[in-house]
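Chain residues, written in single-letter form:
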Amino acid sequence: MATALGEEELDNEDYYSLLNVRREASSEELKAAYRRLCMLYHPDKHRDPELKSQAERLFNLVHQAYEVLSDPQTRAIYDIYGKRGLEMEGWEVVERRRTPAEIREEFERLQQEREERRLQQRTNPKGTISVGVDATDLFDRYDEEYEDVSGSGFPQIEINKMHISQSIEAPLTATDTAILSGSLSTQNGNGGGSINFALRRVTSAKGWGELEFGAGDLQGPLFGLKLFRNLTPRCFVTTNCALQFSSRGIRPGLTTVLARNLDKNTVGYLQWRWGIQSAMNTSIVRDTKTSHFTVALQLGIPHSFALISYQHKFQDDDQTRVKGSLKAGFFGTVVEYGAERKISRHSVLGAAVSVGVPQGVSLKVKLNRASQTYFFPVHLTDQLLPSAVFYATVGPLIIYFAMHRLIIKPYLRAQKEKELEKQRESTATDILQKKQEAEAAVRLMQESVRRIIEAEESRMGLIIVNAWYGKFVNDKSKKSEKVKVIDVTVPLQCLVKDSKLILTEASKAGLPGFYDPCVGEEKSLRVLYQFRGVLHQVTVPDSEALRIPKQSHRIDTDG
């Protein structure tokens, strides 16, 4: 089976690119492009049996593209969902007189029915593993009291607590979901666990409800009810009622959260919690493309605090984020700062330093791998020692950059090459067919190109001297470069009309006479052309529109 990228490139035949028209093209533009290609590929224009056979195949492909795009209904389906949408089971019952909006609604209904058939096979596993490390012996040492103890010269680093939790979701129907979760905890030799079962039902587009049952060896049985409801398009409320049964009796609890969208990026929350650790909390969260800001105030027993935090999101491929927060309350004051970065397609690595009174200094390392979270809080010292803050900040940075350069980067490069190689192998047959079609199209274009060149030369118009498409390798290896690009001089010259060449904003691989010479890699088009006897040159990315001739493309030959 082809990889996702290969399927997208090969399954979704770009009909717009094949006809070389805009996605907003009118019926007249479609008809003009169709007629031009029909004249080029019509089988009756070729006497050679091989050329005639190739012309028939290309003519049918052009005809198929025109049939899809000239019909408003099929064009609406194709524009939204591509070629796969046209092949989806169930479309035969759709009325032809429906509007594009109705067609989209019908497609979504059919797609939902197909998804429902897959529900029984789906789960959504989530898990967290937290390992607490006590490394206070690195900084808080009392050598003078233990001088006679053997081995006291080496600091003791211990794992003093661990927590493991896991949950899975099992969709029962389109509206009902069963959730099973469990957890195990241990600290300083003592531990316990719990298991919970919840049943969630979506009652309407505005809300859902959830029943929860739980039991554990540290606490008694638990019964809970959770409700969610959209009050208005900008406001919602969540209520969670719980009854905890223990040897001390029944302990009821109630938590209510009221939230409102203050603007497109800002949400305000009001929370009231009664029963276990009663408190009132208000917070404002603003989340934009480049930042995340939170301010919160809580009054409660035993925890009352004020919190302010800020996170900056860098717009880079690694999705780097830098964050800092200040939290002050009856427990003391804590300052926390850190960063996180994407290290692979499904993994995000983060680290934060927590400095507080009386908590001391801690280093928190977190790895998110798909839906699994691995958390390692390392307690360094109970005191505010500058040395501990320095090593907690600089140490992870040095380790990360060393690992990134020596391990992560080479691994990702090898993985990318491996995926590209797999993709090339899986799409080799399709690419070979596309290449044969492109070569056949070039042979069929020869006579038309000869006439176009003669007409352009007579008026000193647009002549394509040389055109290459693919990935241009910036090194001295000519052999390597030839493998990555293909000659598209003839196909481009064939598209010249009235001394103009216009390519739409789409991948050039779908143009007549083109194919993809390097699947999965970035490509560009380089054109050397002559206009009014003067040489011009331009290089454009694969999906960028191109209009020539242009004065800015002119090659300066004054030197």
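Residues numbered from 1 in each chain as written. Predicted model: local features only at pLDDT ≥ 70, side-chain atom pairs only at ≥ 80, totals over all residues. Heavy atoms only, no water.

Summing up its helical and strand segments, the protein has 10 helices and 23 strands in all. Relative to its full complement of 559 residues, the protein shows a buried share of 36%. For the protein, the proportion of contacts with a sequence separation of at least 24, taken over those separated by at least 6, is 44%. Surface accessibility of the protein: about 34100 Å² in total, with carbon and sulfur atoms responsible for 56%. (Helix = DSSP H or I, 4+ residues; strand = E, 2+ residues; numbered from the N terminus. Buried < 20%, exposed > 50% of the residue type's maximum accessible area, 1.4 Å probe, protein only. Contact = heavy atoms within 4.5 Å. Areas by Shrake-Rupley, 256 points an atom, 1.4 Å probe, with all protein chains shown as cover.)

So, on to the nonpolar core. By size, the foremost hydrophobic cluster in this structure holds 29 residues, and its most contacted members are Leu-19, Val-21, Leu-30, Tyr-41, Val-62, Leu-69 and Met-445. Counting only elements with at least two residues in this core, the list comes to helix H2 (15-19), helix H3 (27-41), helix H4 (49-70) and helix H8 (428-458). With 9 residues, the top contributor of residues to this core is H4. Formed jointly, this core draws a minimum of three residues from each of two domains, domain 1 (10-83) and domain 3 (427-553). Leu-19 has contacts with Leu-30, Ala-33, Leu-37, Val-62, Ala-65, Tyr-66 and Leu-69, leaving out every residue within four places of it along the chain. The next biggest cluster of nonpolar side chains, apart from the first, holds 24 residues, and it includes Leu-462, Leu-495, Leu-501 and Tyr-515. (Core = buried A, V, L, I, M, F, W, Y, C linked by side-chain atoms within 4.5 Å. Domains from an automatic or database assignment.)

Applying the stated criterion to the full structure yields 14 salt bridges. One salt bridge in this structure joins Asp-287 and Lys-313, with 2.5 Å as the shortest N-O distance. In this pair, Asp-287 is assigned in strand S10 (residues 279-287) and Lys-313 in strand S12 (residues 305-313), connecting sequence segments 26 residues apart. On the basis of relative accessible area, Asp-287 is assigned to the partly exposed category, the value being 35%. In this structure, Arg-341 and Asp-318 form a salt bridge, with 3.0 Å as the shortest nitrogen-oxygen distance. Of the two residues, Arg-341 is situated in strand S14 (residues 332-342) and Asp-318 in the loop between S12 and strand S13 (321-329); the sequence distance between them amounts to 23 residues. A residue is classified by how much of its surface remains accessible, and Asp-318, at 25% relative accessible area, is partly exposed. Each member of the salt-bridge network shares a partner with another, and the members are Glu-447, Arg-450, Arg-451 and Glu-454. (Salt bridge = Lys/Arg side-chain N within 4 Å of Asp/Glu carboxyl O.)

We now examine the pairing of strand S4 (residues 190-204). By the bridge criterion, 12 bridges tie strand S3 (residues 176-187) to S4 in an arrangement that is antiparallel. Counterpart to Asp-176 in the pairing with S4 is Arg-201. Following S3, the chain reverses through 2 residues before pairing antiparallel with S4; Asn-188 in that reversal takes a positive phi of roughly 55°. Sheet topology places S4 next to strand S5 (residues 207-216); 10 bridges connect them, and they run antiparallel. Across the sheet, Val-202 pairs through a bridge with Trp-208, a residue of S5. The turn joining S4 and S5, which pair antiparallel and follow one another in sequence, is formed by 2 residues. (Pairing = 2+ DSSP bridges.)

It is worth spelling out the sheet that holds strand S18 (residues 462-470) at this point. Read across the open sheet, the 4 strands follow the order S19-S18-S21-S22; overall the sheet is antiparallel. What marks the edges here is a single partner per strand, and that holds for strand S19 (485-487) and strand S22 (534-541). Going across the sheet, the axis of each strand differs from the next one's by a mean of 20°, ignoring polarity. Relative to S22, strand S21 (residues 524-531) is paired through 8 bridges, and the arrangement is antiparallel. Considered in S22, the bridge of Val-527 is made with Val-538. (Axes fitted to C-alpha atoms, helices over the stretch in contact; angles between N-to-C directions.)

Take the side chain of Glu-521 next. Within the fold, Glu-521 resides in the loop between strand S20 (501-503) and S21. Only 2.9 Å separates the side chain of Glu-521 from the side chain of Lys-471, close enough to count as a polar contact. The contacts of Glu-521, once residues within four sequence positions are left out, are Leu-420, Arg-424, Lys-471 and Lys-484. (Polar contact = N/O pair within 3.5 Å; in protein donor to acceptor, adjacent residues only side chain to side chain.)

This part is about the UniProt feature "transmembrane region" (unreviewed entry) in the protein. Per the UniProt record, "transmembrane region" (unreviewed entry) is annotated on residues 388-408. Its end C-alpha atoms 27 Å apart, residues 388-408 is made of 100% helix and 0% strand. (UniProt positions renumbered as here; feature names shortened; annotations may be inferred.)

Time to look at H4. Compared with an ideal rise of 1.5 Å per residue, which puts 22 residues at 32 Å, H4 spans 31 Å between its outermost C-alpha atoms and is within 8% of the ideal. For H4, the set of buried residues is Gln-54, Ala-55, Leu-58, Phe-59, Leu-61, Val-62, Ala-65, Tyr-66, Val-68 and Leu-69. (Expected span 1.5 Å × (residues − 1).)

This structure, assessed with the given rule, holds 8 aromatic pairs. Taking 5.4 Å as the distance between ring centres and 40° as the angle between the ring planes, the aromatic pair formed by Phe-228 and Phe-236 counts as tilted. For Phe-228, a relative accessible area of 19% corresponds to the buried category. Take Phe-236: its relative accessible area is 22%, and that puts it in the partly exposed class. Centroid distance Phe-390 to Tyr-391: 5.4 Å. Interplanar angle 75°. Geometry classified as edge-to-face. On the basis of relative accessibility, which here comes to 54%, the residue Tyr-391 falls in the exposed class. (Phe/Tyr/Trp six-rings, centres within 6.5 Å; stacked < 30°, edge-to-face > 60°.)

On to the packing of H3 against H4, then. The description of two packed helices rests on the angle between their axes and on the distance between the axes. Relative orientation of the contacting elements H3 and H4 amounts to 170°, with a least axis distance of 9 Å. In terms of orientation, H3 and H4 fall into the roughly antiparallel class. Here Leu-30, Lys-31, Tyr-34, Leu-37, Cys-38 and Tyr-41 of H3 come into contact with H4, specifically with Ala-55, Leu-58, Phe-59, Val-62, His-63, Tyr-66, Leu-69 and Ser-70. Residues that form the contact of H3 with H4 fall into these classes: 11 nonpolar, 2 polar and 1 charged. (Parallel < 35°, antiparallel > 145°, perpendicular 65-115°, else oblique. Nonpolar A, V, L, I, M, F, W, Y, C, P; charged D, E, K, R; others polar.)

This paragraph deals with unusual backbone geometry. That bond from Val-357 to Pro-358 is cis: its omega, 5°, falls within 30 degrees of zero. Summarising the element assignment, Pro-358 is placed in the loop between strand S15 (347-357) and strand S16 (360-369). A cis geometry characterises the amide bond from Ile-548 onward to Pro-549, with omega recorded as 10°. Structurally, Pro-549 is set in the segment after strand S23 (546-548). For Met-460, which is not glycine, the phi torsion reads 55° and is therefore positive.

As a further point, take the packing of H4 against H8. Two elements in contact, H4 and H8, have axes whose closest approach is 10 Å; the angle formed by their N-to-C orientations is 110°. When the axes of H4 and H8 are compared, the pair comes out roughly perpendicular. Considering the relative orientation of H4 and H8, their crossing is left-handed. From H4, Glu-50, Leu-51, Gln-54, Ala-55, Arg-57, Leu-58 and Leu-61 reach across to H8, where they touch Glu-437, Ala-440, Ala-441, Arg-443 and Leu-444. The residue makeup of the contact of H4 with H8, split by class, is 7 nonpolar, 1 polar and 4 charged. (Left-handed = near helix turned anticlockwise from the far one by under 90°.)

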